[in-house]
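# Results of the structural survey
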Amino acid sequence: ANLSITANSVVPSTSAVKLNGKAGEAIAAGEIVYLTSTSNTYSLADANASTKLPAAGIAGNSAGTGQALQVIVSDPSLTIGTHGVALGTPYFLSRTAGKACPLADLTTGDYTTAVFITKTTTTVAFGILAGGAAIP
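Now for a quick tour of the structure. (Residues numbered from 1 in each chain as written. Predicted model: local features only at pLDDT ≥ 70, side-chain atom pairs only at ≥ 80, totals over all residues. Heavy atoms only, no water.)

### Thoughts on the overall build of the protein
- A count of helical and extended segments in the protein gives 0 helices and 9 strands.
- In the protein, the order of α-helices and β-strands from amino to carboxyl end is β-β-β-β-β-β-β-β-β.
- Its C-alpha atoms give the protein a radius of gyration of 14 Å, near enough to 14 Å, the size a compact globule of 136 residues would have.
- In terms of overall dimensions, the protein has C-alpha extents of about 40 × 40 × 20 Å along its principal axes.
- Residue burial in the protein is summarised as follows: out of 136 residues, 40% are buried.
- Put simply, the protein shows about 6300 Å² of open surface, and 56% of that area lies on carbon and sulfur atoms. (Helix = DSSP H or I, 4+ residues; strand = E, 2+ residues; numbered from the N terminus. Rg over C-alpha atoms; globule rule 2.2 N^0.38 Å. Buried < 20%, exposed > 50% of the residue type's maximum accessible area, 1.4 Å probe, protein only. Areas by Shrake-Rupley, 256 points an atom, 1.4 Å probe, with all protein chains shown as cover.)

### Overview of the side chain of Thr118
- Along the chain, the position of Thr118 falls in strand β8 (residues 111-118).
- Overall, the relative accessible area of 3% leaves Thr118 in the buried class.
- One polar contact links the side chain of Thr118 to the main-chain amide nitrogen of Thr89, over a distance of 2.9 Å. (Polar contact = N/O pair within 3.5 Å; in protein donor to acceptor, adjacent residues only side chain to side chain.)

### Structural notes on the pattern of salt bridges
- With the rule as written, the count across this model stands at 2 salt bridges.
- Here Lys99 ties to Glu31 by a salt bridge, and the two come within 3.1 Å at their closest N and O atoms. With Lys99 in the loop between β6 (90-93) and β7 (100-101) and Glu31 in the loop between β1 (17-22) and β2 (32-35), this residue pair connects regions lying 68 residues apart in the sequence.
- Residue classification places Glu31 among the buried residues on the basis of a relative accessible area of 11%. (Salt bridge = Lys/Arg side-chain N within 4 Å of Asp/Glu carboxyl O.)

### Regarding the environment of Leu78
- Of note, Leu78 is situated in strand β5 (residues 68-79).
- Looking at Leu78, the relative accessible area reads 0%, which means it is buried.
- Sequence separation between Leu78 and Thr123 is 45 residues, and the spatial gap between their C-alpha atoms is 5.3 Å.
- In contact with Leu78, not counting residues within four places along its chain, are Val10, Val11, Pro12, Ile58, Ile72, Thr122, Thr123, Val124 and Phe126. (Contact = heavy atoms within 4.5 Å.)

### Thoughts on the nonpolar core
- Judged by nonpolar contacts, the single largest core of 25 residues is most densely connected at Ile32, Ile72, Leu78, Leu93, Val115, Phe116 and Phe126.
- Those elements that place two or more of their residues in this core are β2, β4 (55-59), β5, β6, β7, β8 and β9 (123-134).
- In terms of residue count, the dominant contributor to this core is β6 (3 residues). (Core = buried A, V, L, I, M, F, W, Y, C linked by side-chain atoms within 4.5 Å.)

### Examining the side chain of Asp46
- On the secondary structure map, Asp46 appears in the loop between β3 (42-44) and β4.
- For the buried Asp46, no salt bridge exists, and the shortest N-O distance to an oppositely charged side chain is 4.9 Å, to Lys52.
- Within the structure, the side chain of Asp46 is placed 3.1 Å from the backbone nitrogen of Asn48, a separation counted as a polar contact. (Lys, Arg positive; Asp, Glu negative; His and termini not counted.)

Purely geometric stuff here, so don't read any function into it on its own.
So, in structure tokens, the structure goes:
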């Protein structure tokens, strides 16, 4: 199941690496995004759509199409709110655009991209690690 991240719970730490850009579609804070090559805007990344990869980061704020978007590229202690999963659990880009899920939820043809590991009941270590190949 996709991890539920409440948009207003996303708070980067002081160690976060962030980029500023524009949203190419409606994006909620906590959704995983990629940079579109044609419009140079951020849109929702998707594990089962090679055209919506590679993932670039996680949205630090909610934004509508054309609005300013802060993208968190990495953060050793990103607050995402209470998530209720076991500590040390790795999460991957989901086949649901913008979402994160356990590896077991991915299937044949999906591209594996690790996005974070749970650290506490409210924080994760966030960083993109893409495998670059689809699951056979």
